[in-house]
Amino acid sequence: MADQLRVNSDPRAALAGDAVKQVDLRKRPRIGETIIQTILYACGFISIFTTIGIVYVLGQESLRFFASDEVSLVEFFTNTVWQPVIGEFGILPLVNSTMMVTIIALMVAIPLGLAMAIYMAEYASERVRAFLKPVIELLAGIPTVVYGFFALTFVTPWLREIFGRDVVQIYNVMSAGLVVGILITPIIATLSEDALSAVPSGLRQASLGLGATKWETAIRVVVPAAFSGIVAASIVAMSRAIGETMVVALAAGASPQFTFNPFLPAETMTGHIARISGGDLSYQTIDYNSIFAIGLVLFFMTLTLNIVSRMIVRRFREVYE
Amino acid sequence: MSAEPLTPLSASTGRLPQGEEVKQNVASRQQRGKLWQASLLFSVFVGLLVLLLLAWNIVNDAFGGIAVQEAVEVEALTGGRELEELAQPELVAILEENLRSRVLRNLNREQPLAERDAENLIEVILFEIIKPEVVATFSLYDYLFNRAEIEAQLAQDFPRAELEFKSWLRWDFIVNPMSSNPIFAGVRTALLGTLWLLVLTILISFPLGLGAAIYLEEYQSDKIFDERKPVGRFFNRVIERSTSIISTNIYNLSGVPSIIYGMLGLAIFVRALEAFTSGSFFGANEGTTANGRTIISAALTMSLLVLPVVIISSQEAIKAVPSTLRQASLGLGATKWQTIWKIVLPNALPGILTGTILAISRAIGETAPLIVVGASTFIVTDPTSIFSKFTVLPIQIYNWTSRPQDEFRAIAAAAIITLLILLLSLNATAILLRNYLRSRRVS
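Please read all numbers here as calculations on a predicted model, not as lab measurements. (Residues numbered from 1 in each chain as written. Chains lettered and ligands numbered in written order. Predicted model: local features only at pLDDT ≥ 70, side-chain atom pairs only at ≥ 80, totals over all residues. Heavy atoms only, no water.)

## Here's the deal with the overall build of chain A
Thinking step 1. Across its full length, chain A holds 13 helices and two strands.
Thinking step 2. Relative to the 2.2 N^0.38 estimate, which gives 20 Å for 321 residues, the radius of gyration of chain A is 29 Å and therefore markedly larger than a compact globule would have.
Thinking step 3. If you line up chain A on its principal axes, its C-alpha atoms span 110 × 70 × 30 Å.
Thinking step 4. Residues counted as buried form 50% of the 321 residues belonging to chain A.
Thinking step 5. Nonlocal contacts in chain A, meaning residues at least 24 apart in sequence, comprise 67% of its contacts between residues at least 6 apart.
Thinking step 6. Accessible area of chain A: about 15200 Å², with a carbon and sulfur share of 64%.
Thinking step 7. Charged side chains in chain A number 22 positive and 24 negative. The centres of these two groups are separated by 12 Å. (Helix = DSSP H or I, 4+ residues; strand = E, 2+ residues; numbered from the N terminus. Rg over C-alpha atoms; globule rule 2.2 N^0.38 Å. Buried < 20%, exposed > 50% of the residue type's maximum accessible area, 1.4 Å probe, protein only. Contact = heavy atoms within 4.5 Å. Areas by Shrake-Rupley, 256 points an atom, 1.4 Å probe, with all protein chains shown as cover. Lys, Arg positive; Asp, Glu negative; His and termini not counted. Charge placed at Lys NZ, Arg CZ, Asp CG, Glu CD.)

## Some remarks on the interface of chain A and chain B
Thinking step 1. Contacts between the two partners involve 82 residues from chain A and, on the opposite side, 84 residues from chain B.
Thinking step 2. Considering only the surface of chain A that becomes buried against chain B, A:Gln37, A:Phe149 and A:Arg220 emerge as the three largest contributors, covering 10% of it.
Thinking step 3. Note that B:Arg271 is salt-bridged to A:Glu61, the shortest N-O span being 3.4 Å.
Thinking step 4. Seen at the junction of chain A and chain B, the total is 11 residue pairs in polar contact (both at pLDDT 80 or more).
Thinking step 5. Broken down by element, the side of chain A that touches chain B gets its largest block of residues, 20 residues, from helix α2 (residues 31–67) of chain A. (Buried area = accessible area lost by both parts, 1.4 Å probe. Salt bridge = Lys/Arg side-chain N within 4 Å of Asp/Glu carboxyl O. Polar contact = N/O pair within 3.5 Å; in protein donor to acceptor, adjacent residues only side chain to side chain.)

## Some thoughts on the UniProt feature "transmembrane region" (unreviewed entry) in chain B
Residue and element names in this part refer to chain B.
Thinking step 1. In this structure's numbering, the residues bearing the UniProt feature "transmembrane region" (unreviewed entry) are residues 35–56, 195–216, 259–282, 294–313 and 410–433.
Thinking step 2. For residues 35–56, the end-to-end C-alpha separation is 31 Å, with 100% helix and 0% strand making up the annotated structure.
Thinking step 3. Along residues 195–216, the helical share is 100% and the strand share 0%, with 31 Å between the first and last C-alpha atoms. (UniProt positions renumbered as here; feature names shortened; annotations may be inferred.)

## Description of helix α9 (residues 214–225) of chain A
Note that an α-helix has 3.6 residues per turn; residues three or four places apart therefore point the same way.
Thinking step 1. Taking 1.5 Å of rise per residue, 12 residues should cover 16 Å, and α9(A) covers 15 Å from first to last C-alpha, within 8% of that figure.
Thinking step 2. For α9(A), the set of buried residues is A:Trp215, A:Glu216, A:Thr217, A:Ala218, A:Val222, A:Val223 and A:Ala225.
Thinking step 3. Where α9(A) is buried, its residues contact α4 (92–123), α7 (173–197), α8 (201–209) and α10 (227–243) of chain A together with α2 (20–62) of chain B. (Expected span 1.5 Å × (residues − 1).)

## Examining the packing of helix α10 (residues 188–219) of chain B against helix α18 (residues 393–401) of chain B
Angle between the axes and distance between the axes: these two values describe a pair of packed helices.
Residue and element names in this part refer to chain B.
Thinking step 1. It is at 8 Å that the axes of α10 and α18 come closest, and there the two elements cross at 140 degrees. Looking at the two axes, α10 sits oblique to α18. Along its contact with α10, which presents Ala190, Leu191 and Thr194, the element α18 presents Leu393, Pro394 and Gln396.
Thinking step 2. Here the contact of α10 with α18 is built from residues that sort into four nonpolar, two polar and no charged. (Axes fitted to C-alpha atoms, helices over the stretch in contact; angles between N-to-C directions. Parallel < 35°, antiparallel > 145°, perpendicular 65-115°, else oblique. Nonpolar A, V, L, I, M, F, W, Y, C, P; charged D, E, K, R; others polar.)

## Examining the sheet that holds strand β3 (residues 162–167) of chain B
Residue and element names in this part refer to chain B.
Thinking step 1. Strand order in the open sheet made by the three strands is β2-β1-β3, with antiparallel pairing throughout. Strands at the two margins of the open sheet, each flanked by one partner only, are β2 (133–139) and β3. Adjacent strand axes in the sheet meet at a mean angle of 30 degrees when their direction is disregarded.
Thinking step 2. As paired elements, strand β1 (residues 63–69) and β3 share six bridges and run antiparallel to each other. Residue Gly64 lies in a different strand from β3, and its bridge partner there is Lys166.
Thinking step 3. Sitting on the sheet, α2 touches β1, β2 and β3, and the angle it makes with β1 is about 25 degrees. (Pairing = 2+ DSSP bridges.)

## A few points about the pattern of salt bridges
Where charged atoms from two side chains of opposite charge approach closely, those side chains can pair.
Residue and element names in this part refer to chain A.
Thinking step 1. A full pass over the atoms with the stated rule returns nine salt bridges over all chains.
Thinking step 2. The partner of Arg64 in a salt bridge is Glu61, with the nearest N and O atoms 3.5 Å apart. Highlighted residues: Arg64 and Glu61, both in helix α2, separated by three residues, approximately one helical turn.
Thinking step 3. According to the relative accessible area criterion, Arg64 is partly exposed, its value standing at 35%.

## Description of the packing of aromatic side chains
Thinking step 1. Scanning the model with the defined rule gives 22 aromatic pairs over all chains in all.
Thinking step 2. Aromatic side chains B:Tyr215 and B:Tyr219 sit 6.1 Å apart centroid to centroid with 20 degrees between the ring planes, which places their arrangement in the stacked category. With B:Tyr215 and B:Tyr219 both in helix α10 and four residues apart, this pair spans about one turn of that helix.
Thinking step 3. You can call B:Tyr215 buried: its relative accessible area is 1%.
Thinking step 4. Here B:Tyr219 falls in the buried class, since its relative accessible area comes to 1%.
Thinking step 5. Put simply, the rings of A:Phe65, A:Phe66, A:Phe76, A:Phe77, A:Trp82 and A:Phe89 touch in pairs and so form one group of aromatic residues.
Thinking step 6. Here the guanidinium or amino end of A:Arg310 rests over the ring plane of B:Tyr251, the centre of that ring lying 4.8 Å away. (Phe/Tyr/Trp six-rings, centres within 6.5 Å; stacked < 30°, edge-to-face > 60°. Lys NZ or Arg CZ within 6 Å of the ring centre and 35° of its normal.)

## Details of the confidence of the model for chain B
Thinking step 1. In the predicted model, chain B carries a mean pLDDT of 83, and 93% of its residues have values of at least 70.
Thinking step 2. Below pLDDT 50 for its whole length, residues 1–7 of chain B participates in 11 contacts with residues either more than four positions away or in separate chains. (pLDDT = per-residue confidence, 0-100.)

## Observations regarding the domain arrangement of chain B
Thinking step 1. The domain architecture assigned to chain B consists of domain 1 (67–134), domain 2 (135–166) and domain 3 (188–440).
Thinking step 2. Here the C-alpha centroids of domain 2 of chain B and domain 3 of chain B sit 47 Å apart. (Domains from an automatic or database assignment.)

## Some words on the nonpolar core
Thinking step 1. Membership of the largest hydrophobic core comes to 142 residues, with the highest contact counts inside it found for A:Ile54, A:Tyr147, A:Ile184, A:Phe292, B:Leu370 and B:Trp400.
Thinking step 2. Ignoring any residue separated from it by four or fewer positions in sequence, one finds B:Trp400 in contact with B:Phe173, B:Met178, B:Ala185, B:Gly186, B:Val187, B:Phe408, B:Arg409, B:Ile411, B:Ala412 and B:Ala415.
Thinking step 3. Within the second largest apolar cluster, 26 residues are counted, among which are B:Tyr215, B:Leu216, B:Ile312 and B:Ile352. (Core = buried A, V, L, I, M, F, W, Y, C linked by side-chain atoms within 4.5 Å.)

So, in structure tokens, the structure goes:
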């Protein structure tokens, strides 16, 4: 065998013609080490079980939902009414309000977060950064239910003051969207700041050396170089906004409605799941199964966004040596 | 974008600016830069402003004025004395005089009046006879700056009511159990629930997350089976593939909305594993029909939720340990596990602990999955075991915020402050622990 070498333990012994000692240089199996490694592998495998569990649970209950006589797949995706009481299950109103909240949130968060990121990466001095970073982390660390409280007790009254009480309802999509925007701003700010800081300083120096101003350097050299990171950050934030529950559950209202008016109440997918499962939900009812069908749609929307964001980072990242 | 010429001037004429034009051009570009810089700074200030508004909004609701109106005046009840001055038999007498016989019978059945101490009797008198009722609640701003207006309106609407300053966040609020009356309501049950959940989630997710992180960082490329046999090669290949699937999977899991984890918990831990999570399998059923909606179900759900974050942050910490340390240890003849246990982990521990505590403090503020898993919104009994029904602070905040009355909004704000203090102290612990471990490390 190749690795069972014959080794002379002592050259003189070989010369003397003594028996040549055989040494096995193969790694000796250690039972203890193997057991530990197996246990650790099992720990890692739990994440696979989690994914399988999510897909299985959502899929199985959704199948039951679609197998029932009250709903068909086509109706589910085309009907614009969600009224479980009268047997109308069209997910469009829920998806529509989710998208409205998300778009309003992104309209707040992308300019705000990006501006913060550019300021921190290009303009701020060390001391200002040392102050701003923890503040942004603080914003990111506040529980979402607190943001929900803020939306309902501060932003909504403020909106009603500005636009009038007949225009803006107590529960409305606008307030929820604005606050979700504040909630995802730290995500865009920190992730974009990472991307901007990763741009090598040689590019900045070259641009400044050619006579560009600091702003021109930032917006025409650094931001394009970090563009993939910024887009990825926005997509991650978008997926977060879609999955956000507490703010919309508190501020966006509790009636599924197909409307494009942001000042009317409209329940989102997450808000509906939270409301339906908040009561004592009995299993084997169409309500119980329906939230899993919504959950499945939600899961695929966020999963797709996350995968796309990773793909963008990998595919379009500008690599500088 | 970058191909575009810098100024419209040179674009239109096709020549470079000369002489006086250059100065003008530079000056206007500099000015534009300053303008944009100011707008960036403005955005940062907007962020800070939002944070301040958020804080002010909470404080504004958690403190303020209340107008209390009592069904029966204390003086009329006791003949001008304070309740605290009365002896125990006098209190019993007051109760027997003023309550209907049915209510008295109920009270006596709970615990005979004669056996109760004065403190308890005063509580009963307050609750059953005096019934202090908050007829109006005012925010801190109104209480401080619109005092005259408030008093005028009160005198008109509730002439008997008294305006007083009220801090909704006070010691009673922390130690009182839940109540349907916001004046007496407290967060003890919810706070205990949160602490139970915190400890259990750490106990479950820390070992699992650390184990997975060690595997992914240290054993990723290790081959367990014999490479020379086709079967061994096959199994090695399977493990290698699954390991790479695990790492991408962890990243994808960290992006799944938390409410989906709640649904997973509802279907698996609450429903499918009901026999275990309700405790009936272990004979621990206390007769409280918790049917799987227990602390342990919530903790398992939360553990799955934080696991990806714990794994990723632990991986970062392990990655940061210099590989020369590993090589030195292996070179001295230590086995792989000895190297990990004695060299890598002690060096990575500060980072791992900080990451874990931060991840779990994030989970403690989570509400959505627990709503789905079935936290109770109204229970008065403290959790006593992992099979108890439970409620947590965020659920209480959600519940109180969604009610229309001002008093509930006030106690929601007080509960928010409690939760934020808890979270801040957790984070502070993480930082202190890291500094302590770093300073102790010999390197």
